[in-house]
Amino acid sequence: MGDAVQRGPDPRRHVPSVAAMLDDPRLRGHNDRLGRSIVKAVARDVQQVIRQGDLAPQEAVDAIIAALPEQASSLRAVHNATGVIVHTNLGRAPLSQAAVEAVVAAAGYTDVEMDLADGHRARRGRFTLSVLSRAVPQAEAVHVVNNGAAALALAATALASGREILLSRGEFVEIGDGFRIPELLSSTGARIHEVGTTNRTRLADYAQAVGPQTGFILKIHPSNFTVRGFTAEVGLAELATLGVSVVADIGSGLLAPDGLLPDEPDATTALKDGASLVIASADKLLGGPQAGLIFGAAAEVDSLRRHPLARALRVDKLTLAALEATLTGPRTPVRQALQLPLAELQERSQLFAKSLRGHGIDAQVVPVEAVVGGGGAPGTVLPSCAIALPSYLARRLRAGTPPVVGRVVRDQLLLDLRCVLEADDDQVLAAVIKAEAA
Ligand SMILES: *Cc1c(COP(=O)(O)O)cnc(C)c1O
């Protein structure tokens, strides 16, 4: 006790209280923008630094302002320099500017379930659904749920609970993070009736399996792997001849055939071929928000839409807004990345590497392959190029602001600018220069 007196005044007596710091008028705007709890948490950290004697008390407020996050959400925008266009760990499809603006506009009160003409209740998502219908005229009806897996669960529950889903052994797919489609289907109370073998399944195998217990035949597109060699599978048109419902999980949400991705199935063709329901994700090749799209015969779509479970899988207004804007708006960022001419990318990459060399950083442009990723076009590789850098930069770039995520191959960090907006090249360049200096 007496020791403290002998050493002079206790430094803790000069530590400002959190309340006093938060009362500073310079923090008022930040309080309003981020909320008091975030500012308070940062103030506590700063208080600790002062207590340790590493910061003068009069610098407290400046230190708080410097340490405040840019927004109230912890999710951080990152630059995707991996060359993987639909990267599930990076949030799959980035929204178009039109979709972003639609989300912002829908964020407050909206007429999502009200007809403003008469003030009565209106069908939720009606505008989005009608745009979706127009995009796939082959579909008698459409419905939207939270994601592709939700659409599958709803179809299994509404059409096959307590009954059988016929599924080829070649389509027992794990979609990622340990989630397996057959297990998802079984969890709904439907029984999986396995058909054929891993590499070969024939129409006769399905025909033999069809019976009074059949809910539907499920055809799952292998969206994250390819099977080669001695293989055989049955197309939708043949399955449709068996006299039971056929549900096609096409994975990626192509609405119509796409010349760029000839091996990817699409909703229009699947319906033409006789599928009674088509299920797809909206945040893969369609380039929209996370959602599960359901197209098909009116009776089937209706029984899904009216099932009690449908309410638990309902999409929110932000998703509806983003989806509509994705469908009506300009080319999505996913599409732009897919269609980016190699020569253009090479030119950008050369400029980028040259600038880095100007800063004394060893950077070379090397040929690489980009992929669609995220459960789409598994066999498709896009000739691409990347800026090769020392791999120690990978960690520093991920830790930067904004973070840049590249791909480490052996001892090199590869930055593929295909999925980086050209307008952001300078930001990524500055990040590399900063990372090298760190
Ligand atoms: C991606 C995918 C799913 C899952 O869709 P989510 O939107 O991720 O829930 C299901 N089936 C296939 C074939 C897929 O590619």
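Residues numbered from 1 in each chain as written. Predicted model: local features only at pLDDT ≥ 70, side-chain atom pairs only at ≥ 80, totals over all residues. Heavy atoms only, no water.

> Even after reading the chapter, I still don't get the confidence of the model for the protein chain, so can you show me in this structure?
As a general rule, the predicted coordinates of low-pLDDT regions are not to be interpreted in detail. In this model, the protein chain carries an average pLDDT of 93, and 97% of its residues clear a pLDDT of 70 or more. Scored below 50 in pLDDT, residues 1–6 shows zero contacts in the model against residues more than four places distant or in partner chains. (pLDDT = per-residue confidence, 0-100. Contact = heavy atoms within 4.5 Å.)

> What is the right way to read the packing of aromatic side chains from this model?
Within a pair of aromatic rings, the relevant descriptors are the distance that separates the centres and the angle that separates the planes. Across all of its chains, the model carries zero aromatic pairs by this definition. The ring of phenylalanine 230 has arginine 200 lying over it, and the distance from NZ or CZ to the ring centre is 3.9 Å. (Phe/Tyr/Trp six-rings, centres within 6.5 Å; stacked < 30°, edge-to-face > 60°. Lys NZ or Arg CZ within 6 Å of the ring centre and 35° of its normal.)

> Would you take a moment to explain the sheet that holds strand β5 (residues 164–168) for this structure?
Hydrogen bonds between backbone groups are what pair the strands of a sheet, and the pairing can be parallel or antiparallel. Read from one edge to the other, the open sheet built from seven strands follows the order β4-β12-β11-β10-β9-β5-β8, with strand pairing classed as mixed. A single partner strand is all that each edge strand has here, and the edge strands are β4 (141–145) and β8 (191–195). If you compare each strand with its neighbour and ignore which way they point, the axes differ by 25° on average. (Pairing = 2+ DSSP bridges. Helix = DSSP H or I, 4+ residues; strand = E, 2+ residues; numbered from the N terminus. Axes fitted to C-alpha atoms, helices over the stretch in contact; angles between N-to-C directions.)

> Quick question: what am I supposed to make of the pairing of strand β9 (residues 214–220) here?
As a general feature of sheets, a regular strand has side chains that alternate between the two faces. Within β9, seven of the seven residues are buried, leaving the element largely enclosed by the surrounding structure. Two strands pair when backbone bridges link them, and β9 and strand β10 (residues 246–252) are joined in this way by four bridges, in the parallel orientation. Note on β10: the bridge partner recorded for lysine 219 is alanine 248. (Buried < 20%, exposed > 50% of the residue type's maximum accessible area, 1.4 Å probe, protein only.)

> What am I meant to see in the nonpolar core here?
Proteins that are soluble and globular tend to have nonpolar side chains buried together. Ranked by size, the top nonpolar core spans 34 residues in total, and within it Val144, Val278, Leu293 and Phe295 carry the most contacts. Residues within four places of leucine 293 in sequence aside, it is in contact with Leu132, His143, Val144, Leu255, Val278, Ile279, Ala280, Ala282, Leu286 and Leu323. Counting residues in each nonpolar core, the second largest holds 27 residues, with Leu185, Leu218, Ile220 and Leu313 among its members. (Core = buried A, V, L, I, M, F, W, Y, C linked by side-chain atoms within 4.5 Å.)

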